[in-house]
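Structural description and commentary
Residue-level listing of the chains:
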Amino acid sequence: RAFSERQEALVKSSWEELKENIPQLSLRFFTWISEIAPVAKNMFSFLKDSDEIPQNNPILQIHATKVFKLTYESAIQLREKGVVDVDPTVKYLGSIHIKNGVTDPHFEVVKEALLKTIKEAIGEKWSDELSNAWEIAYDELADVIKKEMKDGI
Ligand code: HEM
Ligand code: ISQ
């Protein structure tokens, strides 16, 4: 999928800003996921038995950050190679998601939550164009993970 230099720059500059506030970003990301799909919350080990999203859970923050960072890296790869070429260390993501009961429709939930989190976090720098660039990068990454889920990687 074609990805322009401008789209890459939009994702890159917003990521630089987002990563300055990981605790808040992670918390909002999860809050959106549980608002969009309350049942999805129970798939996550760190949320299962709690009524509230933990404010300072390091595992939650590391995983949430990884979702953002992988999406950002996908944007770079789309620009450089025209395809998402995930790092070999990410090949296990297919099996992790299968194991946790994730199915293809869940990817729309996470996408929506990701985009809402970005919109909220970057304020007036937000634009349709910026959101669209993140969406493309996410969709392409999601396709790679969905394929791994199907192929049992
Ligand atoms: C775990 C990334 C989509 C649910 C993880 C982990 C990463 C990740 C990095 C941590 C793996 C580890 O243990 O080292 C992504 C990315 C996605 C995506 C990049 C999309 C592009 C989804 C979707 C769902 C989901 C759609 C379902 C709502 C989970 C769950 C875990 C997990 C339940 C296990 C968390 C735990 O340890 O309890 N994901 N994920 N993910 N993901 Fe995702
Ligand atoms: C893992 N997979 C998808 C979404 C997530 C959000 C927050 C933390 C971990 C996640």
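The structure we're discussing is the one just above.
This report concerns the structure included in the present document. What you see is a predicted model; the values in this text were computed from it and never measured.

Conventions we followed
- Residues numbered from 1 in each chain as written.
- Chains lettered and ligands numbered in written order.
- Predicted model: local features only at pLDDT ≥ 70, side-chain atom pairs only at ≥ 80, totals over all residues.
- Heavy atoms only, no water.
- Donors = N, O, S within 2.8 Å, 3.2 Å for Na, K, Ca; no water.
- Tetrahedral: all angles 85-135°; square planar, octahedral: opposite > 155°, others 65-115°.
- Helix = DSSP H or I, 4+ residues; strand = E, 2+ residues; numbered from the N terminus.
- Core = buried A, V, L, I, M, F, W, Y, C linked by side-chain atoms within 4.5 Å.
- Buried < 20%, exposed > 50% of the residue type's maximum accessible area, 1.4 Å probe, protein only.
- Contact = heavy atoms within 4.5 Å.
- Near = heavy atom within 4 Å.
- Polar contact = N/O pair within 3.5 Å; in protein donor to acceptor, adjacent residues only side chain to side chain.
- Nonpolar A, V, L, I, M, F, W, Y, C, P; charged D, E, K, R; others polar.

Among protein residues, the single donor to the iron atom of ligand 1 is H97 (NE2), with a metal-donor distance of 1.9 Å. If you look at the iron atom of ligand 1, its six donor atoms make angles of 88 to 179° with each other, and the shape they trace is octahedral. Note that H97 resides in helix α4 (residues 93-99).

Moving on, we come to the nonpolar core. Among the nonpolar cores identified, the biggest contains 49 residues, and W15, L18, F29, I33, F68, I118 and W134 are the most heavily contacted of them. Of all elements in the fold, only α1 (5-18), α2 (22-36), α3 (58-81), α5 (106-122) and α6 (128-151) reach the threshold of two or more residues within this core. Tallying contributions element by element places α6 first for this core, with eleven residues. Sequence-distant contacts of W15, that is, excluding residues within four places in its chain, are made with I22, L25, T65, F68, K69, Y72 and W134.

Moving on, we come to the site of ligand 1. Looking at ligand 1, there are 20 residues lining it, with M43, S45, H63, H97 and H106 nearest. One of the side-chain nitrogen or oxygen atoms of S45 is found 2.6 Å away from an oxygen atom of ligand 1. Here an oxygen atom of ligand 1 sits 3.5 Å away from a polar atom, N or O, in the side chain of Y92. The set of elements that each furnish at least two residues to the shell around ligand 1 consists of α3, α4, α5 and α6. The greatest single-element share of the shell around ligand 1, amounting to four residues, is contributed by α3. A class-by-class count of the residues in the shell around ligand 1 yields 14 nonpolar, five polar and one charged.

The subject of this paragraph is the environment of W134. For W134, the location among the structural elements is in helix α6. Sequence spacing of W134 and S74 is 60 residues, and the spatial spacing of their C-alpha atoms is 9.4 Å. When near neighbours in sequence (up to four residues on either side) are disregarded, W134 contacts V11, S14, W15, L18, F68, T71, Y72, L114, L115 and I118.

On their own, these measurements won't tell you what the molecule is for.
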